[in-house]
Amino acid sequence: NQAQSGPQWERHTTELTNCIVAFLSPILPTEEEYRIKEATRRQLERLANRVSPGSKLLAFGSMANGFALRNSDMDLCCLIGKGPDGQPTTHHTASELVEILGQLIREETDFTVMPLPKARIPIIKINRSPTTDLPYEIACDIGFENRLALENTRLLLSYAMVDPTRLRTLVLFLKVWTKRRKLNSPYMGTLSSYGYTLLVLYFLTHVKKPAVLPNLQRLPPTRPMKPDEMELNGNNIYFYDDVATLRKEWSSQNTDNVGELLVDFFRYFSKEFSYARDVISLKSENGLIPKDGKTWNAELCIEDPFQAGYNVSRTVTKDGLYTIRGEFMRASRYLTNMRGQKISVLIAELC
Ligand code: GTP
Ligand code: MG
């Protein structure tokens, strides 16, 4: 292994950084893709309004948090409208709304519709194949009243604005890499994109010294907060969201480039993080809380930033974690021994 410091290492990681940026650039969404997806959102919102006047259909997940790749799924959340009396304009349950709106979308659009009214979180899955007019496949999940998802999307977006280049590049690269290495399938025992994003945030906020990001959930507010900005269904959803001020008043002392951070990320999660002992908890003082065997008995534990005690990585099985760690080690090895290799080739092999 070559020394991971000094001018040679710096040249390597600079080249690695440039290659990652070049690798990502052709797989980012185009303006046109955003336009088509926004038009689709509006079309669906009009239908939602026929079921419940005043409803809003809001994007969350990657289309709204700045971490989208080309052709990512669209996550939409329907917030039920309120009448002049302040009462909701429909009293149907989420499961019923899935059936009703699903039926309407089937009748009024050319989407293929699959309602999942019995899922833990009832959703409507819809998709449409690309046509010559609309050369994009659209896959979209529509849920109801999932305000926590809207809030954690806003949290991720705020982090993305504090350090616009390094965080976003790392998350996007990890998304491509985990998808290509088949590590991004919660239904198959591995971890969601949201889970990997939380790993990166934890790493940049709590592991790297000096930190690349501040802990937004622990910075004191600079303005009076309304009660509904502090709490949602018993969850503390406060975070510092005055990004404009933060960008003026806070700057990271950490000057590592994306290449160095990526190498470090893989090394940390290959051999430094204690999977058996610790729970990753972004909002906590130092990012970790001990596993206690009762609440936290899964293979990998990542606490949701807003839902205390809720494990975002509950889908990860023993085999899944074994595979993920094996891949972290492989990646760490590749990137550490990149002596004299053509780095664009290395990235292609890594993915
Ligand atoms: P891609 O779809 O792979 O592009 O990634 P994404 O950024 O959309 O992430 P993902 O599909 O994993 O999750 C989308 C959004 O769903 C996240 O931003 C969260 O708002 C929400 N979400 C996903 N999983 C969970 C979870 O386990 N708990 C909670 N509270 N929210 C989740
Ligand atoms: Mg998504």
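Computed from a predicted model, the values in this text were never measured in an experiment. (Residues numbered from 1 in each chain as written. Chains lettered and ligands numbered in written order. Predicted model: local features only at pLDDT ≥ 70, side-chain atom pairs only at ≥ 80, totals over all residues. Heavy atoms only, no water.)

1. Considering the overall build of the protein chain
So, step 1. From N to C terminus, the protein chain includes twelve helices and nine strands.
So, step 2. Relative to a compact globule of 351 residues, whose C-alpha radius of gyration would be 20 Å, the protein chain shows 21 Å and is just as compact.
So, step 3. Along the first, second and third principal axes, the C-alpha atoms of the protein chain reach 65 × 50 × 45 Å.
So, step 4. For the protein chain, the exposed surface amounts to about 17,300 Å²; the carbon and sulfur share of it is 52%.
So, step 5. Looking at charge distribution, the protein chain has the averaged site of its 44 positive side-chain charges lying 4 Å from that of its 40 negative ones. (Helix = DSSP H or I, 4+ residues; strand = E, 2+ residues; numbered from the N terminus. Rg over C-alpha atoms; globule rule 2.2 N^0.38 Å. Areas by Shrake-Rupley, 256 points an atom, 1.4 Å probe, with all protein chains shown as cover. Lys, Arg positive; Asp, Glu negative; His and termini not counted. Charge placed at Lys NZ, Arg CZ, Asp CG, Glu CD.)

2. Some thoughts on the pattern of salt bridges
So, step 1. Taken as a whole and assessed by the stated rule, the structure comprises 21 salt bridges.
So, step 2. For Asp-163, the salt bridge identified is with Arg-166, shortest N-O distance 3.0 Å. Note on accessibility: Asp-163 and Arg-166 belong to one class, buried.
So, step 3. One salt bridge connects Lys-208 with Asp-256, and the closest N-O pair in it is separated by 3.4 Å. Here Lys-208, found in the loop between α7 (193-207) and α8 (227-230), pairs with Asp-256, found in the loop between α9 (243-249) and α10 (258-272); they are 48 residues apart in sequence, far enough to count as distant.
So, step 4. Relative accessible area serves as the criterion here: at 10%, Lys-208 is assigned to the buried category.
So, step 5. Beyond isolated ion pairs, a larger network of salt bridges with shared partners links Glu-151, Arg-154, Arg-223, Glu-229 and Asp-241. (Salt bridge = Lys/Arg side-chain N within 4 Å of Asp/Glu carboxyl O. Buried < 20%, exposed > 50% of the residue type's maximum accessible area, 1.4 Å probe, protein only.)

3. Some thoughts on the sheet that holds strand β4 (residues 123-128)
So, step 1. The five strands are arranged β1-β2-β5-β4-β3 in an open sheet whose pairing can be described as mixed. Edge positions in the sheet fall to β1 (56-60) and β3 (112-116), since each has one partner strand and no second. Shown here is a sheet whose adjacent strand axes are inclined to one another by a mean of 25 degrees, direction ignored.
So, step 2. When strand β2 (residues 74-79) meets strand β5 (residues 138-144), the two strands line up parallel, connected through five bridges. Counted as the bridge partner of Met-74 is Cys-140 from β5.
So, step 3. Sheet strands in contact with helix α4 (residues 94-108) are β3, β4 and β5, and its direction is about 170 degrees off that of β3.
So, step 4. Taken strand by strand, helix α5 (residues 147-162) contacts β1 and β2, and its axis lies near 45 degrees from that of β1. (Pairing = 2+ DSSP bridges. Axes fitted to C-alpha atoms, helices over the stretch in contact; angles between N-to-C directions. Contact = heavy atoms within 4.5 Å.)

4. A few points about the site of ligand 1
So, step 1. What surrounds ligand 1 is a group of 18 residues, the closest being Ser-62, Asn-152, Lys-179, Ser-193 and Tyr-194.
So, step 2. Within the contact set of ligand 1, an oxygen atom lies 3.3 Å away from a side-chain nitrogen or oxygen of Tyr-310.
So, step 3. Calculation on ligand 1 without its partners gives an accessible area of 630 Å², and the protein chains cover 83% of this total.
So, step 4. Contributing elements (two or more residues each) for the shell around ligand 1: α3 (62-65), α5, α6 (166-180) and α7.
So, step 5. In terms of residue count, the dominant contributor to the shell around ligand 1 is α5 (three residues).
So, step 6. In terms of residue class, the shell around ligand 1 is made up of four nonpolar, nine polar and five charged.
So, step 7. Split by domain, the shell around ligand 1 shows at least three residues from each of two domains, domain 1 (6-27 + 149-350) and domain 2 (31-145). (Near = heavy atom within 4 Å. Polar contact = N/O pair within 3.5 Å; in protein donor to acceptor, adjacent residues only side chain to side chain. Nonpolar A, V, L, I, M, F, W, Y, C, P; charged D, E, K, R; others polar. Domains from an automatic or database assignment.)

5. A short note on the domain arrangement of the protein chain
The parts lose accessible area when they come together, and the size of an interface is often stated as this lost area.
So, step 1. Domain parsing of the protein chain yields domain 1 (6-27 + 149-350) and domain 2 (31-145).
So, step 2. Its C-alpha centre places domain 1 at a distance of 28 Å from the equivalent point of domain 2.
So, step 3. Interface area, domain 1 with domain 2, both sides summed: about 1,300 Å², of which 67% is carbon and sulfur.
So, step 4. Summed over the three residues of domain 1 that lose the most area to domain 2, namely Ile-27, Leu-150 and Thr-153, the buried surface amounts to 37% of that side.
So, step 5. For the interface between domain 1 and domain 2, the tally reads zero salt bridges.
So, step 6. For the side of domain 1 that touches domain 2, the elements supplying multiple residues, two or more each, are α5 and α6.
So, step 7. Here the side of domain 1 that touches domain 2 is composed, by residue class, of twelve nonpolar, two polar and three charged. (Buried area = accessible area lost by both parts, 1.4 Å probe.)

6. Looking at α6
So, step 1. Helix length check: α6 (15 residues) gives 21 Å between terminal C-alpha atoms against 21 Å at 1.5 Å per residue, within 8%.
So, step 2. With twelve of its 15 residues buried, α6 lies for the most part within the structure.
So, step 3. Those residues of α6 that fall on the buried side of the exposure criterion are Arg-166, Leu-167, Thr-169, Leu-170, Val-171, Leu-172, Phe-173, Leu-174, Lys-175, Val-176, Trp-177 and Thr-178.
So, step 4. Phi for Lys-182, located one or two positions after α6, is positive at around 60 degrees. (Expected span 1.5 Å × (residues − 1).)

7. Quick word on the packing of aromatic side chains
So, step 1. Tallying each qualifying case throughout the model produces 18 aromatic pairs.
So, step 2. An angle of 55 degrees between the planes, with centres 4.9 Å apart, marks the rings of Phe-265 and Phe-269 as tilted. Here the residue Phe-265 and the residue Phe-269 both occupy positions in helix α10, the gap between them amounting to four residues, near one helical turn. When sorted by exposure, Phe-265 lands in the same class as Phe-269, which is buried. (Phe/Tyr/Trp six-rings, centres within 6.5 Å; stacked < 30°, edge-to-face > 60°.)

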